[in-house]
Amino acid sequence: MAQIKYYFSRPITLFLLAILTGIILPQGVQLGVILTLPALIIILTIAFLRMPRGFFRHPGSLIYPAIWGNIMNFFILGNLIILSSIFLIRDEGFWIGMVLIAAVPPSLSIIPLSKLFQAEEKASFAGIAGAYLGAIVIAPLIGIGFLKYIPLNYSGIILILELVVLPFAISWLAVDKSWDKLLEPYEGSINDWCLFIIFYALAASSRYLIIERPLDLVFIAITAVASTFLLGYVIDKIGSYYGIPRNKITSLILLGTLKNYSLAGGIALVVFNNNAVLPILIFILVVFIYELWLKKQNKR
């Protein structure tokens, strides 16, 4: 029973339930889309609340790992996703989804995974924070470079920019007023159900594509596997060859293989179309399998 809880945690169970619900009962998709942005703001705020208190009091020592966070997340992982998509993806909507994945900062699940896998927390946390700040500049540049001929919903883009600013502001205010201590007992449940809303909206909005475009699913899945299992293996081998400490290698693997797919999904739902959602959904599924595999490796 303990092993089942270790591998199939509540977030994974809710993810599977949300996907099944979205495919079988897609009637609530409009409500799900409306609730997606508030859910994302809540998730990001809770994640920033989990940062250790006083972590940013000495920012000078965080610059180097913050730079590495941008290198691993955007220049290595992001470029791999885009280069793979150039050869494998032909549909414009799917291409948009792949570019969105490449443009978003790292997954916030890196925070608990770093603790679970005994990674170097300073490298992981500073890498995440640095990549989120870097995303303010890098993400628009990626969009301009690869989506410049595609019409955009600019009001939606403004809302997305708020996703970067609001969680920082709300989390800072919560810590300053000690509200985070009141929220702490409920953080896990709130976070999980917000993820359920997002996953449901993603599955329900791309339901017909899952059924009608099986070959495209295969090509997207190949890219997802290459950017997780394969890239993680390469990072591990290179890090070991150069004698980098194991905890630092683990941090680099997490930063270099995990994107904030929920954020990418929210952008796809609000700014673009349902076709852009499907690649993100497939990546989320592959990444859940990848995280299970990482947990299995960690148990050895």
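Let me begin by describing the structure that accompanies this report.

What counts as what
Residues numbered from 1 in each chain as written. Predicted model: local features only at pLDDT ≥ 70, side-chain atom pairs only at ≥ 80, totals over all residues. Heavy atoms only, no water. Helix = DSSP H or I, 4+ residues; strand = E, 2+ residues; numbered from the N terminus. Buried < 20%, exposed > 50% of the residue type's maximum accessible area, 1.4 Å probe, protein only. Areas by Shrake-Rupley, 256 points an atom, 1.4 Å probe, with all protein chains shown as cover. Axes fitted to C-alpha atoms, helices over the stretch in contact; angles between N-to-C directions. Left-handed = near helix turned anticlockwise from the far one by under 90°. Contact = heavy atoms within 4.5 Å. Phe/Tyr/Trp six-rings, centres within 6.5 Å; stacked < 30°, edge-to-face > 60°.

Side note on the overall build of the protein
Phase 1: Check the secondary structure of the protein and you find 15 helices and zero strands.
Phase 2: Counting over 300 residues, the protein shows a buried share of 53%.
Phase 3: Here the protein has roughly 14,600 Å² of accessible surface; of this, 69% comes from carbon and sulfur atoms.

As for the packing of helix H3 (residues 29-49) against helix H14 (residues 261-271)
Phase 1: Where H3 meets H14, the axes come as close as 10 Å, and the angle between the chain directions of the two elements is 145 degrees. Handedness of the H3/H14 crossing: left-handed. On H14, the residues that touch Val33, Thr36, Leu37 and Leu40 of H3 are Ser262, Leu263, Gly266, Leu269 and Val270.

Thoughts on the environment of Gly265
Phase 1: Assignment of secondary structure puts Gly265 in helix H14.
Phase 2: By relative accessible area, which is 0% here, Gly265 ends up buried.
Phase 3: Spatially, the C-alpha atom of Gly265 lies 8.9 Å from that of Thr36, the residues being 229 residues apart in sequence.

Quick notes on the packing of aromatic side chains
Phase 1: Per the counting criterion, the structure on display carries eleven aromatic pairs.
Phase 2: Between the aromatic rings of Phe15 and Phe199, the centroid separation amounts to 4.9 Å while the plane-to-plane angle is 85 degrees, which identifies the pairing as edge-to-face. Linking Phe15 in helix H2 (residues 10-24) with Phe199 in helix H10 (residues 187-205), this pair joins segments that are 184 residues apart in sequence. Of the two residues, Phe15 and Phe199, neither departs from the other in class, the shared state being buried.
Phase 3: With centroids separated by 5.9 Å and ring planes inclined at 35 degrees, the aromatic side chains of Tyr261 and Phe283 adopt a geometry described as tilted. Highlighted residues: Tyr261 in helix H14 and Phe283 in helix H15 (residues 274-299), separated in sequence by 22 residues. Neither residue differs from the other here; Tyr261 and Phe283 are each classed as buried.

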